[in-house]
Every structure is written in C-alpha cells, then in structure tokens.
Amino acid sequence: MRQLWTVPLALGMAVCALPSHAQSVWQENEVSLPGPLQRSAPIPFDMSTRTELQFSVDASSISVGSDRVLRYVLVARSNSGAENILYEGLRCETGEARNYARWNPSEQRWVPYNGSTPWRPLSGVAASLPAARLAYLAFCEGRTPTEPMERLLADLRRGGKNVGLR
C-alpha cells in the first residue's frame, strides 16, 4: 500500500520539472481569413518529387501568429492552368499542418472549411506534402518558425536554407 503514493508523487515532481511553456496548454488563435487573393508576390518552390503541379506561396500572405502558427496562401497549378488555392497553417513545434479555407474563383472569395479541419502530420499517410516541403525549405528552424520574416522569404526565394551560400 505504501508504494501507491509514490507514483503520483513522482509524476507531480516530473511535471514540476518541465519548463513553464511545456506545462501550459497550447491554444490556437482565432483565425481570420486573408483578404482577396493577391497574385503580385508569388514565390514558386520545388516539390522535389514527380508531380504535374507547380506550387507557389503568396509572399504577402505569410504570417506568424502569437500562437506560433505560420499561416500562408498556397497555390497549386496544373499544366492546363487549373488552380487549387488554399489558406493553410503550419505548426513547426508539432510538425503538423491544416487547411482553413479554399479560394473560390467564381465568387472571388475564401470559403472556409465546414467545422474544424484536423491538424495533419507532415509525414505519414495523411501527410501534407507541400506543407512538409515548405517547412523543410524555409518555414521552420527545427521546432520554431524561421525568423525574422525577411530571412524566411530570402530562404524561400533562394530555394531553401543555405542554398547558394558559401
């Protein structure tokens, strides 16, 4: 009977030893959809896999919230000109991504996904491959968003971190 109290005590001591940010529960900020689609600042990026699609990110849409979620507009374009345009979020800390809305070109507006789309891992079966590639190329430094924004944009335009640097 004496041993039963040692487990809760040990767990309590382990939690107290965690850094204060690890003890707090993460809460995502309320997400506002971006304004009308801007095509003035697309930054293309290479998926490094065989795909018929060309991918780009609208540089003016990239932001990092106080919740540490990196949000951006992703454009996937086929050779025929068909486009799929999404507003997405990326959590470097957990290696996950999610979709918030898609652009409806006929209505010229963002259409939010019904309910809450789940966070998807950047690897595995449900992976978001474009988000994983962006995390690798420029968006994440380990488990944190790349800062400052100028560096993130320079890395993305260059084709990745440290590409072309000597």
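Here, every reference points to the structure presented above.
Note that the structure is predicted; figures quoted are calculated from it, not measured.

Participant: I would appreciate a short explanation of the packing of aromatic side chains in the present structure.
Facilitator: Aromatic ring pairs are described here by two measures, namely the spacing of the ring centres and the angle between the planes. All chains considered together, the criterion is met by 6 aromatic pairs. Geometrically, the ring pair formed by Y72 and F139 is edge-to-face, given 5.2 Å between the ring centres and 70° between the ring planes. In this pair, Y72 sits in strand β4 (residues 69–77) while F139 sits in helix α3 (residues 129–139), placing the two residues 67 residues apart along the sequence. Across the pair, exposure class does not vary: Y72 and F139 are buried alike. Pairing Y87 with W110 gives two aromatic rings, centres 6.2 Å apart and planes at 55°, and the pair type is tilted. Of this pair, Y87 sits in strand β5 (residues 83–91) while W110 sits in strand β7 (residues 109–112), and the two are 23 residues apart along the sequence. Grouping aromatic residues by their ring pairs yields a cluster made of Y87, Y100, W103 and W110. If you follow R91 out to its NZ or CZ, it ends over the ring of W26, 3.6 Å from the centre.

Participant: Could you clarify how one ought to interpret the side chain of S61 in this entry?
Facilitator: Topologically, S61 is positioned in the loop between β2 (54–58) and β3 (63–64). On the basis of relative accessibility, which here comes to 12%, the residue S61 falls in the buried class. Aside from chain neighbours lying at most four places away, what touches S61 is R71, Y72 and V73.

Participant: Please clarify how unusual backbone geometry should be interpreted in this entry.
Facilitator: Excluding glycine, residues mostly have negative phi values, and the peptide bonds linking residues are mostly trans. For the peptide bond that leads from E147 to P148, omega is -5°, which places it in the cis range. Assignment of secondary structure puts P148 in the loop between β10 (144–145) and α4 (149–158). A positive phi angle, close to 70°, is found at R68, a residue other than glycine. With a relative accessible area of 33%, R68 lands in the partly exposed category. One non-glycine residue with positive phi stands out, namely Q108, at about 55°. Structurally, the position occupied by Q108 is in the loop between β6 (96–104) and β7. Judged by its relative accessible area of 54%, Q108 falls in the exposed class.

Participant: Teacher, can you tell me more about the pairing of strand β1 (residues 42–45) here?
Facilitator: If a strand is regular, its side chains alternate between the two faces of the sheet. Along β1, the buried face is formed by I43 and F45; none of P42 and P44, which line the opposite face, is buried. Here 4 bridges tie β1 to β2, and the two strands are oriented antiparallel to one another. Looking at β2, one finds that F45 is bridged to F55.

Reading guide: rules and limits
Residues numbered from 1 in each chain as written. Predicted model: local features only at pLDDT ≥ 70, side-chain atom pairs only at ≥ 80, totals over all residues. Heavy atoms only, no water. Phe/Tyr/Trp six-rings, centres within 6.5 Å; stacked < 30°, edge-to-face > 60°. Helix = DSSP H or I, 4+ residues; strand = E, 2+ residues; numbered from the N terminus. Buried < 20%, exposed > 50% of the residue type's maximum accessible area, 1.4 Å probe, protein only. Lys NZ or Arg CZ within 6 Å of the ring centre and 35° of its normal. Contact = heavy atoms within 4.5 Å. Pairing = 2+ DSSP bridges.

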